[in-house]
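# Analysis of the macromolecular model
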Amino acid sequence: MKALVYMGPMDMRYMDVDTPEPKPGEVLLKVKAVSICGSDLTGYKGQSIFRVPPLIMGHEFSGEIAKLGENVKGLNVGDRVIVETNLYCGYCADCKAGFSNVCDNRKIIGTTMKAGSYNGAMAEYVVAPAEKIIPLPDNVTFNAAALTEPLAISLRATKHAGDLKGKTVVVYGAGPIGLLTIQCVKFFGAERIIAIDVVEDRLEMAKKCGATDVINSKEDVAGITRKMTDGVGVDVVFDAVGVPETVNGGVEIVRNGGKVVWIGLGVPKLEFDYKHAVCKEITFYCSYMYTTELKEGLDMIATGRMNVEQIITGIYPMSEGPRIFEELASRKSKDIKVILVND
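Before going into details, it helps to say that this report is about the structure given with it.

Analysis parameters
Residues numbered from 1 in each chain as written. Predicted model: local features only at pLDDT ≥ 70, side-chain atom pairs only at ≥ 80, totals over all residues. Heavy atoms only, no water. Helix = DSSP H or I, 4+ residues; strand = E, 2+ residues; numbered from the N terminus. Rg over C-alpha atoms; globule rule 2.2 N^0.38 Å. Buried < 20%, exposed > 50% of the residue type's maximum accessible area, 1.4 Å probe, protein only. Contact = heavy atoms within 4.5 Å. Areas by Shrake-Rupley, 256 points an atom, 1.4 Å probe, with all protein chains shown as cover. Lys, Arg positive; Asp, Glu negative; His and termini not counted. Charge placed at Lys NZ, Arg CZ, Asp CG, Glu CD. Polar contact = N/O pair within 3.5 Å; in protein donor to acceptor, adjacent residues only side chain to side chain. Core = buried A, V, L, I, M, F, W, Y, C linked by side-chain atoms within 4.5 Å. Arc of directions from axis to C-beta. Axes fitted to C-alpha atoms, helices over the stretch in contact; angles between N-to-C directions. Parallel < 35°, antiparallel > 145°, perpendicular 65-115°, else oblique. Left-handed = near helix turned anticlockwise from the far one by under 90°. Nonpolar A, V, L, I, M, F, W, Y, C, P; charged D, E, K, R; others polar. Salt bridge = Lys/Arg side-chain N within 4 Å of Asp/Glu carboxyl O. Pairing = 2+ DSSP bridges. Right-handed = clockwise from strand over helix to strand, strands pointing away.

Bringing the overall build of the chain into the picture now. Counting its secondary structure elements, the chain contains 11 helices and 19 strands. Relative to the compact-globule value of 20 Å for 343 residues, the chain shows a C-alpha radius of gyration of 20 Å, a close match. Projected onto its principal axes, the C-alpha positions of the chain cover 65 × 40 × 35 Å. Per-residue burial for the chain yields a buried fraction of 52% across its 343 residues. Intrachain contacts of the chain at a sequence separation of at least 6 include 69% that bridge at least 24 residues. Accessible surface, the chain as shown: approximately 15,300 Å² in total, 51% of it carbon and sulfur. Taken as two groups, the 39 positive and 43 negative side-chain charges of the chain have centres that lie 2 Å from each other.

Structure, rendered in structure tokens:
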């Protein structure tokens, strides 16, 4: 089969590889749509320990069952599906406590974890455990289904903030996770949603996703938000970037006693305005991956409560993957969310 193979920093190749065979309890999927995640780009640039070459990336995807391994029941060849790509162990202390998203024993399809690498869906076919297969409703397109995973991440992050009805909320970063967070925040009843980004095209997309206001981060963000809130500050900040400017900016603009939810992983370490945060009695939440939210997000898409397809700005053949990765990583591309499909 053909696949995109990450061979090293800034080295992605479209090449022939062996088609995987499903073992007992597994299924072989024909990939119909796979999305490029920001973490894939970080890996491509050689900046992530979670992408070790050679590796086929791709953890946001949808497909059709092409072949069943032995002892697989309740599934059929031709079924349209998505996959819960977090392959947690289920028996460790974290899993038993409901934190399967941080299980130390887990593998994640398309990544390299402590437990090892698992080839992903930037290929014609991918293998997945049958128990991780989730049927796809007929009215959900393959492209929309590929975005169920990032929606689940945004949905979990939104839940951390609690009741958002009538609240004023800021979302730093109008990339895919930020845009989907805006949709979730709107769904949960926020009254004012302020999107902050440096790219005007992304701020325009933020408006389409439900932002009531947008601010270019080159402007006086603190001054503008103070004026918007009569000097009080915003109720909740969602940081979908995770760099010093946004982390400390969130501390600056959130109200006393407010909440900040960290989602973005822009840098591994940063200088933090700790004293200011303590003196404001801010509550911080860290949100990583998802637990139950994948199925919840799929249901929201299927019932029309979420329009994830509107953030897709480019659909390209898998064979163009090396060029697409290079353009996205070097910021030559204006695309926000890209889907790759097999030639």
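This brings us to the side chain of Thr112. Tracing the backbone shows Thr112 in strand 8 (residues 111-113). Taking the relative accessible area as the measure of exposure, Thr112 reaches 10% and is therefore buried. A polar atom in the side chain of Thr112 sits 2.7 Å from the side chain of Ser117. Beyond its immediate stretch of four places on either side in the chain, Thr112 contacts Ile49, Phe50, Arg51, Val52, Leu55 and Ser117.

With 52 residues, the main nonpolar core has Val140, Val169, Leu179, Ile182, Phe238 and Val308 as its most contacted residues. Looking at this core, the elements that each hand over two or more residues are helix 3 (142-146), helix 4 (148-160), strand 12 (168-172), helix 5 (176-187), strand 13 (192-197), helix 6 (200-209), strand 15 (234-239) and helix 10 (293-302). Setting aside its immediate chain neighbours within four residues, Val308 contacts Ala144, Leu147, Leu151, Leu180, Gln183 and Ile301.

Take helix 6 next. Because each turn of an α-helix spans 3.6 residues, side chains separated by three or four positions in sequence point in the same direction. For helix 6, every residue scored as buried is listed here: Leu203, Met205, Ala206 and Cys209. All buried residues of helix 6 fall inside an arc of 160 degrees around its axis, so they share one side. If you follow the buried residues of helix 6, they end up packed against helix 5, strand 13, strand 14 (213-216) and strand 18 (312-317). Gly210 sits one or two positions beyond helix 6 and adopts a positive phi of about 125 degrees.

Moving on, we get to the packing of helix 4 against helix 5. Helix 5 packs onto helix 4 with a crossing angle of 55 degrees between their chain directions and a minimal axis gap of 8 Å. Considering the angle they form, helix 4 stands oblique to helix 5. Judged by the sense of rotation from one axis to the other, the crossing of helix 4 with helix 5 is right-handed. Packed against helix 4, whose contacting residues are Pro150, Leu151, Ile153, Ser154, Leu155 and Thr158, the element helix 5 presents Ile177, Leu180, Thr181, Cys184 and Val185 at the interface. Residues of the contact of helix 4 with helix 5, tallied by class, amount to 8 nonpolar, 3 polar and no charged.

Let us look at the pattern of salt bridges. Oppositely charged side chains can form a pair if their charged atoms are brought close together. Under the criterion given, the structure shown has 17 salt bridges. Lys67 serves as the salt-bridge partner of Glu21, at 2.7 Å between the closest nitrogen and oxygen. One end of the pair, Glu21, is in the loop between strand 2 (11-16) and strand 3 (26-35); the other, Lys67, is in strand 4 (residues 60-68), and 46 residues separate them in sequence. Relative accessible area serves as the criterion here: at 35%, Lys67 is assigned to the partly exposed category. When the shortest N-O distance is used, the salt bridge between Glu327 and Arg323 registers 3.2 Å. Of the two residues, Glu327 and Arg323 are both situated in helix 11 (residues 321-329); the distance of 4 residues between them amounts to about one turn of the helix. Given the relative accessible area of 23%, Glu327 is considered partly exposed. Connected through shared salt-bridge partners, Arg156, Lys159, Glu293 and Glu296 make up one network.

For the rest of this paragraph, the subject is the side chain of Lys337. Counting through the fold element by element, Lys337 comes out in strand 19 (residues 337-341). Engagement of the side chain of Lys337 in a polar contact is seen with the side chain of Ser35, the distance being 2.9 Å. If near-sequence neighbours (up to four positions away) are discounted, Lys337 is found in contact with Ser35, Ile36, Cys37, Glu60, Leu147, Pro176, Ile311, Ile312, Thr313 and Gly314.

Another aspect to go through is the pairing of strand 15. The element strand 15 is extensively covered by neighbouring structure, given that 6 of its 6 residues are classed as buried. Relative to strand 16 (residues 254-262), strand 15 runs parallel, the two being bridged by 5 bridges. Opposite Phe238, over in strand 16, you have Val261 as the bridge partner. Following the chain from strand 15 across helix 8 (residues 244-253) to the adjacent parallel strand 16, one finds a crossover that is right-handed.

Every buried residue of helix 7 (residues 221-228) is accounted for by Val221, Ala222 and Thr225. Down the axis, helix 7 shows its buried residues gathered within 95 degrees of arc, on one side only. Where helix 7 is buried, its residues touch strand 12, strand 13, strand 14, strand 15 and helix 8. Two residues or fewer past helix 7, Asp230 is found with a positive phi of approximately 55 degrees.

What follows deals with the sheet that holds strand 16. Whether parallel or antiparallel, the strands of a sheet pair through hydrogen bonds between backbone atoms. Strands sit in the order 14-13-12-15-16-17 across an open sheet of 6 strands; the sheet is parallel. Each of the sheet's edge strands pairs with one partner strand only, and the pair in question is strand 14 and strand 17 (283-286). Adjacent strand axes in the sheet meet at a mean angle of 20 degrees, parallel and antiparallel pairs treated alike. As paired strands, strand 13 and strand 14 are joined by 4 bridges and run parallel to one another.

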